[in-house]
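Listed below are the residues making up each chain.
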Amino acid sequence: MRSSNGYRNYKRRRRGFGYTRRNNLLFAELIIMLVIVIIFVIVSIVKLSNIKKKDSDKTTKAAETKVAATSTQAVETSTLPEPTTQALKAFDEIPWNLVILNTKHPITEDLNIELETLKNGYRIDKRVVDELQAMFDDARKEGLSPVICSSYREMSYQQRLFDKAVNSFKAKGHNQQEAESLAATDTAIPGTSEHQLGLALDIVDINNQMLNDDQENTPVQQWLMANSYKYGFILRYPKDKVDITGIMYEPWHYRYVGKEAAKEIYEKKITLEEYLTELGYEY
Ligand SMILES: [Zn+2]
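Below: a short report on this structure. Bear in mind that the values here come from a model prediction, so they are computed numbers and not experimental data.

### Digging into the overall build of the protein chain
Item 1. Counting secondary structure elements, the protein chain contains 8 helices and 6 strands.
Item 2. Each helix and strand of the protein chain, placed in order from N terminus to C terminus, yields the pattern α-β-β-α-β-α-α-β-α-β-α-β-α-α.
Item 3. Across the 283 residues of the protein chain, 34% fall into the buried class.
Item 4. In the protein chain, the proportion of contacts linking residues at least 24 apart, taken out of those at least 6 apart, comes to 68%.
Item 5. Total accessible area on the protein chain is roughly 18,800 Å²; 56% of this is exposed by carbon and sulfur atoms.

Rendered as structure tokens:
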């Protein structure tokens, strides 16, 4: 019994052993399959994530391109001048102190201005007298002697000045048409002189009363060119702006435009024409 038991036991053990071996093999196979499955899954996940990454890269790039395009557009838009949808403001709407006269907008008769006669007999628009007086007072405090040699002009006076200039050119052999265009280069055609507005003054130094380029070197002009804007006056026809004003350099001709405009014109080194353009006026 023992032996048969022993045999049975042995057999059982063997069977047991057989079972264990088979189990082990199965286990190994399972492990291998599991490993393969895990590897497959990992590879799949990596592949998938790579595809996704590429996609997201594409999306980011697309987004970046979009942003770049938008920002480029924004930059381009901001540097481009605003489209002119509004018409220029009419000449008639220019405030009295900024009005300019030219061949396009001459006056045909004397304006109805309230003039004030100064002690020296010259007349000027009543609205600018106080500032003109303050400017002269302050110049005199500096030991200077400014002298007015021209101010408001009536149409008839401007006509006489112009005729005189025309005649001097005719005397030199020019015909009427030539003489008129030559005269217009330094004497305003009647109706186009800003002296007719009552806002322009010719001011010289008592020690040099000649109306020529040397006038700019006199102490009076040096002071006026640096300070007149504080009183609302500008040097109306500067040397380097002849192409804009159409008038030769006149280092004696001052024009009232008001303190605000004068300050900007002085600081930006521009002309009344350029200032009006900035404000959107047609002239
Ligand atoms: Zn003048």
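### Details of the sheet that holds strand E5 (residues 233–235)
Item 1. Here we have 4 strands laid out as an open sheet, ordered E3-E4-E6-E5, and antiparallel in their pairing. With partners counted over all chains shown, the strands left at the sheet margins are strand E3 (146–150) and E5, one partner each. Mean inter-strand twist for the sheet, computed between neighbouring axes without regard to direction, equals 40°.
Item 2. Note that E5 and strand E6 (residues 253–256) share 3 bridges and pair antiparallel. From the neighbouring strand, Ile234 faces E6, where its bridge partner is Arg255.
Item 3. Here helix H5 (residues 219–227) sits on the sheet and contacts E3, strand E4 (200–205), E5 and E6; the angle it forms with E4, its principal contact strand, is near 140°.

### With respect to H5
Item 1. For H5, every residue scored as buried is listed here: Val220, Gln221, Trp223, Leu224 and Asn227. The buried side chains of H5 occupy one side of the element, clustering within an arc of 165° when seen end-on.
Item 2. Along its buried surface, H5 packs onto helix H2 (129–141), E3, E4 and E6.

### Describing unusual backbone geometry
Item 1. The backbone of Lys269 shows a phi angle near 55°, a positive value even though the residue is not glycine.
Item 2. Topologically, Lys269 is positioned in the loop between helix H7 (259–268) and helix H8 (272–279).

### Comments concerning the packing of H7 against H8
Item 1. Between H7 and H8, whose axes approach to 10 Å, the crossing angle comes to 110°. Regarding the angle of H7 to H8, the classification is roughly perpendicular. The segment H7 lies against H8, with Ala261, Glu264, Ile265 and Lys268 engaging Leu272, Tyr275 and Glu278.
Item 2. Looking at side-chain class alone, the contact of H7 with H8 contains 4 nonpolar, no polar and 3 charged residues.

### Regarding the environment of Gly143
Item 1. Looking at the element boundaries, Gly143 is found in the loop between H2 and E3.
Item 2. It is 9.5 Å that separates the C-alpha atoms of Gly143 and Val220, two residues lying 77 residues apart in sequence.

### Re the nonpolar core
Item 1. Grouped together as the largest cluster of nonpolar side chains are 42 residues, with contacts concentrated most on Leu98, Leu132, Met135, Phe233, Val257, Ile265 and Leu272.
Item 2. Contributing elements (two or more residues each) for this core: H2, E4, H5, E5, E6, H7 and H8.
Item 3. Examining the composition of this core, we find that 5 residues originate from one element, H2, more than from any other.
Item 4. Core analysis: the second largest hydrophobic core is formed by 6 residues, Phe162, Ala165, Phe169 and Ala183 among them.

### Notes on the pairing of E6
Item 1. Burial along E6 is two-sided: the residues His253 and Arg255 and Tyr254 and Tyr256 are all buried.
Item 2. Looking at chain direction, E4 and E6 are connected through 3 bridges and run antiparallel. Bridge assignment links Asp202 to a residue of E6, and that residue is His253.

### Topic: the pattern of salt bridges
Item 1. Per the stated rule, a full pass over the model turns up 14 salt bridges.
Item 2. Of the charged contacts in the structure, one is a salt bridge between Lys268 and Glu264, with a shortest N-O distance of 2.9 Å. Taken together, the residues Lys268 and Glu264, both in helix H7 and 4 residues apart, mark about one turn of the helix.
Item 3. The partner of Glu278 in a salt bridge is Lys268, with the nearest N and O atoms 3.2 Å apart. Of the two residues, Glu278 sits in helix H8 while Lys268 sits in helix H7, which places them 10 residues apart along the sequence.
Item 4. A residue is classified by how much of its surface remains accessible, and Glu278, at 45% relative accessible area, is partly exposed.
Item 5. Salt bridges linked by common partners bring Glu194, Arg236, Arg255 and Glu273 together as one network.

About the criteria used
- Residues numbered from 1 in each chain as written.
- Predicted model: local features only at pLDDT ≥ 70, side-chain atom pairs only at ≥ 80, totals over all residues.
- Heavy atoms only, no water.
- Helix = DSSP H or I, 4+ residues; strand = E, 2+ residues; numbered from the N terminus.
- Buried < 20%, exposed > 50% of the residue type's maximum accessible area, 1.4 Å probe, protein only.
- Contact = heavy atoms within 4.5 Å.
- Areas by Shrake-Rupley, 256 points an atom, 1.4 Å probe, with all protein chains shown as cover.
- Pairing = 2+ DSSP bridges.
- Axes fitted to C-alpha atoms, helices over the stretch in contact; angles between N-to-C directions.
- Arc of directions from axis to C-beta.
- Parallel < 35°, antiparallel > 145°, perpendicular 65-115°, else oblique.
- Nonpolar A, V, L, I, M, F, W, Y, C, P; charged D, E, K, R; others polar.
- Core = buried A, V, L, I, M, F, W, Y, C linked by side-chain atoms within 4.5 Å.
- Salt bridge = Lys/Arg side-chain N within 4 Å of Asp/Glu carboxyl O.

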